[in-house]
Each structure stands twice: as C-alpha cells, then as structure tokens.
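Given next are the chains, with one letter for each unit.
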Amino acid sequence: MRLPVILMLMVMPVLAYAQDWEDRRLFNPSASGTVLRILSSTDTAVFAPIIEAFVAETPETGVEYLVTSTAEIDRLFRADPGAYDVVVSSAMDLQLKLANDGYALRLNDVAHPSWAQWRQSLFAFTAEPAAIVINRAAFAGRDIPKTRQDLIRQMRDHPEIFRNKIGTYDIRKSGLGYLFATQDARASETYWRLMEVMGGLGAQLYCCSGDMIDDLASGRLVMAYNVLGSYAAARLVPGGALETILPSDFPITMMRTAFVSKDTGASGAATGFVQHLLSGEGGDGGAEAPLPPLDSASQGSTIVLEPALMTFLDTLKRRRFLTEWENAIIQK
Amino acid sequence: MARLPVSGSLRNQLVVSLIGGAALLALLLFLVTRNFAAQVAQEGQDSILGAAAASILDAAAIHDGQVEIDLPYASFSMLANASDDRVFYAIYRDDTFLSGYEGLDAPANQADGQPTFQSTEFNGADVRVVTDTRTLIGADDRTQIRIVLAQTQDQLAGTLERISRNAALLGAGFFALAALLSFWATSTTIGQLKTLTQSVTRRGPQDLSAFRKPVPTEMAPLVTSLNSLMGRLDQSLRQSEDFIAEAAHRVRTPLATVRAHAEATLQRVDKAENRQALRAMVRAIDESSRAASQLLDHAMITVRADHLTLQDVDLAELVGDLVQRLTPVADMKDLDLAFQAEGAVPILGDPVQIQNAVRNLIDNALKYAPPESTVEIAVWRGPRPNVTIQDRGPGFPLHEMDTLTARFKRGRNAEGTIGSGLGLTIAHDVAAAHDGALTLENREGGGACVCLSF
Ligand SMILES: Nc1ncnc2c1ncn2[C@@H]1O[C@H](COP(=O)(O)OP(=O)(O)OP(=O)(O)O)[C@@H](O)[C@H]1O
Ligand SMILES: [Mg+2]
C-alpha cells in the first residue's frame, strides 16, 4: 500500500516538470526585468499579437506564454497559484469559480464596465459567440439552417449526408464545451433533442475548436456545433469552403476572461498586462484571426458573469448532466 | 466700584448643558438609526440567502435510495449583486458531505424549512451563513438533506457604510439644529436678565422705587427681593439723614446754652484768673460747637455723596446769595467781600452741598486774611464752571499744601484760630461728588487762591 504512494510522490515533481504544454513560447527573451508567466487556453497564434504589443510597450518585461486546455488550467493553477501570474481562459465558469475561491487578485485601479468584470478581479476582454460552422459544399442546393430547429430537421431528413460527419465538443474534456452545453441546455430543451439526433448520426467528439475546423476544412465533417467562430475566422473568407452560422433562436456568447493570481510575485507587471488586454491594443493588429472585442450590444446573449456559473460545476449536478449528455450523444 | 467675584457663567452652563445634551442625543440617534438600518439590511441579505437555500432543497429528490440534487441555476443567480459577493455552499446528507465546498459547515438546529443564520468566517472572508434542512422520504428510508449556503458581506458593508454616512449626516444635522436652538434659547433667557440689569443701571441715583415691569416667573423672586432690599435701603437712608439732622440739633442747642451761661458768668466775675478760665471755657465750647457742626456737615456730604439731589442751579446766583449773607460777618472783621460773576452760570448740582462747600472756603478767607483787606469771590463759566475765592492773607503753608484737604488736618498758620480742620475736606468731597475738583494755590504778592470747579 505504501510503496505506490512513495513512488507517486517521487514521480510527481518529474511529472510537474515534464508538464505537457499544448504550446509554450517565450516572448522578449532578452527582457531585463520580470518574466510574466501567463497560463492560457488561447492558441498562441491568436494571442501572440497582443503579447507582442505588450512587450513592445514594456521592453523590460518578458512573457512566458503557456497554453493548455481550460480544465487543465483549472487543475494546474489550483495546485500552485504562485507559479503563474496571469490566467486567461475561455471557460467562464471555471474562471469565476477560481475568483470566487479567492485565487484572483483584486485590481482596484482597473476601470472596466461592471457587466464585463466580476469583483474587480475577473475581467472579460472578448465576446465570442458559439457558432454552427458548416462546409458549404455539403449544403449545396439546400437551405442553410438558421436555427437549431432547422438543423434538426435537415439532419432527420438527410441522415446520409450527416452520418459520422458531424462534430461537437467532448464536454467531458473541454471546459468551454461544457460551458456552451450547459448554457444551451439552460436556454432550451431543443439542445437535448439536437444531441439525441446528433448522437443517432454518430457525432464525432473533439477536444478543441481548432481540430473541428481543420476537419471541416478537409471535408471530414460537414457540420460542427458550438464551435468558436473566432477561431475559424481565418478560413472564413467570403466565398470560402466554410460558413459560420449564429443560430438565431438563441445565440450564446462567451467572454474570454483574465485574472491576476493572488500569489503573483509581479503584480505590477501582471496588472499592466491585464490593462493592456482590456485596452484591446494588438487585438486586431496583424492577427490572422483577431479576437472579437467586447461589444455591449450583444450583452443580451452573453453569458452573465455571476456566481450562478458555478451551478454546473457542482459535483452532483455535473455528474447528472454528463450522464444525460452521454445518454443522448453516445448511443450504443 | 470693586469688581464682583464671578463664579462661572449661566450662559456657558446653559449652552454647555444644552449642547452636551444635543450631542448625546445626536450620537444616540446615529447609533439607533445605524443599528436599525444594519438590522434591516442584514434581514434583506438573510431573506435572499434563505430563499436560495430553500430553492436548492426544493431540487433535492431521492430515487432508489440515491439522492439527486439538480442545483437550480436561479439559486445562485439570485445571490448575484452589484458588489459581486462570493458564494460558498455545501450539501450534506445525514451529516455526510455530498458536494460543494468541503469544510463549510454549520449546524441546523431547527426543523425543516426553518433557516438558521449566523455570521462567521470562511475562506478568509466574513460570511453570512444560512443552514436549512429537508427530510426526504424514500421507499423504505428517510434521509435528511442539509444545505449550508454562505455569502460574503461586501454589499452589506457598502450598504452599511452608506447608511452610516447618512445616519452621521442626520445626527450632525440634528446636532447643528439643536446647537442653534440652544444658542437662541440661551440668549433669549439671558436677554431677560440683561434687560433687568439695564433697567437697574439706567435708574437715577435717587430712584429707589420698586420695579414694576413684568418679568418671567423665574425672575420674579429675584426682582421681589431686589425691591424689598431697595425699600429697606431707602428707609435706612432716610433714617440716617434724619438722625444726622437730629444729632446736629441736639448737640448744638445745649452747647449754645452752655456758652450763653459762660458769657453771662464772665460778666459777673472780676477775678483775673477766673475770667481767664471762663474765657478758655468759652473758647473750648466754640471749638466743640464748630467741630460738631463741621462734623455733621461732613457726615452729610459723605452720606449723600452717592445720591445727590441734582438739579439745575445758577452757580452765580447761589454764590451771590451766600456772599450777601456773609457780608455782615465780613464787616465785623473789617473785611471787604468783592463778588463778581459772568452772568448766569447754570450747572447741575446739589445746591445745599455746593453752598456748604463755598461757605467753608469763604470762611477760611475771612478767618486767615488780615483785616482791612479784600476777599475776591468770582464765578466763571468756562472752560468748566467754577468759583474762585482769593484773599490777601498769608496763603497756604507751602509744604503742607498737599495734605490740607485731609480730614482734621490744619495748617501751621491756623494756630490760635478756632477750627476743626474739616472745611477743605468738605469742599473737596462736595467737588468730588459733583465730578469736579478743588485746587489750592498761593497768589503772587501773598494770599490764597482756592478754585472749586464743576
Ligand atoms: N484762606 C486761607 N489762607 C491761609 N491758610 C488757609 C486758608 N484756608 C485754609 N488754610 C489752611 O488750611 C488749613 C485747613 O483749613 P480747613 O478749612 O480745613 O480747617 P480750618 O479752617 O482750620 O477749620 P474749620 O474746619 O473750622 O474750617 C487751615 O488750618 C489753614 O492752615
Ligand atoms: Mg476752615
């Protein structure tokens, strides 16, 4: 009984050291001052212009940008909050829970509209709608679905087109997927019918938006549900192969959020970085796929930053939701 | 007049006690308002917490012995507020932790649906905790679900701060108003005293009549005793004046009788030594008589100095009368009285006293001037109305001039003349009682010059 525990303890630091990052990049390696460690779920390609603009402004600061999944961010950060200075994630619920649990530093000097921040410690800086992305070729000669109902009808009418060619998040692995799914389910029962139909057609499950968009582009998928449209922006040139649909029945918009770790050793630089994020500088300059800025007009469809986001993180609730979801989408 | 010893100030006492009271009341008002508002605010938070806890318990169900709690999104949603208060919760089944925040626990000591509230600390923050329970009845067992729901109190603290500020403003406003009112009340009260003081001060020196103007009830006893004091004063003053007049009469009459007897006896006695003794006796009687009458005059001016019967008098006329009356006396001494006046010289004074003073001065001139000389008496109008009496006698002894006005003080040159040393004292006191002055000078070419000015 004891040996495995000891073995685990010995291996753990090695594991921590050998953390598998999806991506890891050092900006401004010649910086003389602090090096900010930013834990993020956003692809480096999307985020790089923002960081480059930041280090250009403050040449003494370096940035180590660490990319991993939202769920992994939550786990890593809780294990060692002092190891990271800023946390950026698309999983609003996990971010809010971290802030609620006291992991986020209060930045009283940062001015931000109240609907886009929580407790002056968690700050939203993008508004990104969940989209249905289709491969236009597959819908040739047919109406492009505008709502979830349309989509259900089309999948029922033409199962042969969709079978094994539709994708969505594996919400057991993806924090953002789980957030979109729970907000969908909260908004309408339609979600469950959609999942059942998709399950019946052998839906493919993905960890990330990027992979889904790749498969859409290559033709392996004809439709992906609840994808981050912003990620596909580069391939969404007018007249291109892909088309993004924002369902008109009930759109759902996520806000990417950032906070400064309460245990940061560089609160000044970290606060500066958050302020830079909120200013929107570098957000669109030169990026292939710019992050959509906050937009107070779309507030109605935006997921509200409030403690209620923790509801679906409750163990019992999550277990129940996942069971229901599995029952719907993984049909044996 | 000597300064009255003063102990404290009524106005200050009043102001201090009124303002102190107002401050105390304001503080009380502040505390009560704030406490009450704090209680109401806390009740507000409690009722939301209670409702949220109830909605969570509502979502609990038991299926085949398995507890399911479909946490409603609205439960936490209703706890959202402008201050973004943090929320913690824990769900227990028969005291076994099910989900939420481990370590958050508080006992529920009441029946189902009866939330218990308490303030405590969790996760480094002050929180308000509600605990509520619900008993689920399954197919063949009962189980108790307990929800512990906590929320930080930032919003409440903000509300409290706002309330405190408003309550403080209210208290300060109340205090300011009360202070103003107390100043007003004090000055009105003290004003009554001032009015009385003024009407006492403004009175004429002879006015010892009672105060008749209405005064506040509280001041009535003071005014009554003041009136009775003045009554007694008036009476005793009158008594002492009567006594002096009586005494003068009583002393002088028998002395006159004794002198008459002595003179008569002198006519009948032939023996030189007896005549000598009798003459000494007459002289002693004259001294006593003079002393008695001077003493009485002096006593009169002393008693009346503070309340002269002031009236408009013509100084020229007054002195003229006196000169006329004294002319026979001067004639007896072969002295000439020359009177001169600048027309009428009106002054405000006590004619009896002024005559007394001037008579004493003329007396002196008659007494100390050599026969066959002239005594010049003049009344001038300005710069201050004055009377001067000049003679050609020996003048005042130089080194004694400063002290001659003192009581019973006589000069060296007065040896052998009858006198008491009170004449100049009386003249000086009369001058002082009229805010005037008596000046003594020696004339060039010999003689005294006395000036009584008003
Ligand atoms: N006209 C004067 N010439 C010279 N000496 C004077 C004259 N008047 C007063 N004196 C001196 O001043 C003294 C004080 O005068 P005062 O009138 O007070 O007393 P008195 O004349 O001696 O007594 P009485 O009280 O009877 O008048 C006198 O004793 C005298 O020495
Ligand atoms: Mg005299």
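Everything below is about the structure shown above.
Here the structure is a predicted model, which means the values were calculated and not measured. (Residues numbered from 1 in each chain as written. Chains lettered and ligands numbered in written order. Predicted model: local features only at pLDDT ≥ 70, side-chain atom pairs only at ≥ 80, totals over all residues. Heavy atoms only, no water.)

What is the right way to read the sheet that holds strand β14 (residues 448-453) of chain B from this model?
Each strand in a sheet pairs with another by means of backbone hydrogen bonds, the pair being arranged parallel or else antiparallel. Residue and element names in this part refer to chain B. Across the sheet, which stays open at both edges, the five strands sit in the order β9-β11-β12-β14-β13 with mixed pairing between neighbours. Looking at strand neighbours, the two that pair on one side only are β9 (336-341) and β13 (437-442), the edges of this open sheet. Averaged over neighbouring strand pairs, the angle between their axes works out to 15° when direction is ignored. As defined by bridge partners, strand β11 (residues 374-380) adjoins strand β12 (residues 386-390) across five bridges and the pair is classed as antiparallel. The residue of β12 that forms the bridge with Ile 377 is Ile 389. Contacts from helix α6 (residues 315-332) reach β9, β11 and β12, with the element oriented near 170° to β9. Lying on the sheet, helix α8 (residues 423-433) is in contact with β13 and β14; it crosses β13 at an angle near 135°. (Pairing = 2+ DSSP bridges. Helix = DSSP H or I, 4+ residues; strand = E, 2+ residues; numbered from the N terminus. Axes fitted to C-alpha atoms, helices over the stretch in contact; angles between N-to-C directions. Contact = heavy atoms within 4.5 Å.)

How should I be thinking about the site of ligand 1 in this particular structure?
Residues and elements named next belong to chain B. Around ligand 1 there are 22 residues in total, and Arg 290, Asn 364, Arg 410, Asn 413 and Ser 420 lie nearest to it. At 2.4 Å, a side-chain N or O of Arg 410 approaches an oxygen atom of ligand 1. Considering ligand 1 on its own, with 590 Å² of exposed area, one finds that the protein chains cover 99% of that surface. For the shell around ligand 1, the secondary-structure elements that each account for two or more residues are α5 (272-304), α7 (351-368) and α8. Among the elements that line the shell around ligand 1, the one with the most residues is α7, at four residues. For the shell around ligand 1, the per-class residue count stands at eight nonpolar, nine polar and five charged. (Near = heavy atom within 4 Å. Polar contact = N/O pair within 3.5 Å; in protein donor to acceptor, adjacent residues only side chain to side chain. Areas by Shrake-Rupley, 256 points an atom, 1.4 Å probe, with all protein chains shown as cover. Nonpolar A, V, L, I, M, F, W, Y, C, P; charged D, E, K, R; others polar.)

I keep staring at a negative patch on the surface and nothing clicks. Help me out?
A cluster of like negative charges, contributed by Asp 331, Asp 334, Asp 336 and Glu 372 of chain B, occupies part of the molecular surface. Residue position: Asp 336 of chain B is located in strand β9. (Patch = residues over 30% accessible without salt bridge, like charges linked within 9 Å, V, L, I, M, F, W, Y side chains within 5 Å. Salt bridge = Lys/Arg side-chain N within 4 Å of Asp/Glu carboxyl O. Lys, Arg positive; Asp, Glu negative; His and termini not counted. Charge placed at Lys NZ, Arg CZ, Asp CG, Glu CD.)

I keep staring at the packing of aromatic side chains and nothing clicks. Help me out?
Remark: the centre distance and the inter-plane angle together describe each pair of aromatic rings, the angle taken between the planes. As enumerated under the stated definition, the model contains 20 aromatic pairs over all chains in all. Centroid distance Phe 47 of chain A to Tyr 65 of chain A: 5.2 Å. Interplanar angle 10°. Geometry classified as stacked. Residue Phe 47 of chain A is located in helix α2 (residues 44-57), and its partner Tyr 65 of chain A is located in strand β3 (residues 62-67); the two are separated by 18 residues in the primary sequence. The class of Phe 47 of chain A is buried, set by a relative accessible area of 0%. When the ring of Phe 312 of chain A is compared with that of Tyr 73 of chain B, the centres are 6.0 Å apart and the planes differ by 40°; the resulting orientation is tilted. (Phe/Tyr/Trp six-rings, centres within 6.5 Å; stacked < 30°, edge-to-face > 60°. Buried < 20%, exposed > 50% of the residue type's maximum accessible area, 1.4 Å probe, protein only.)

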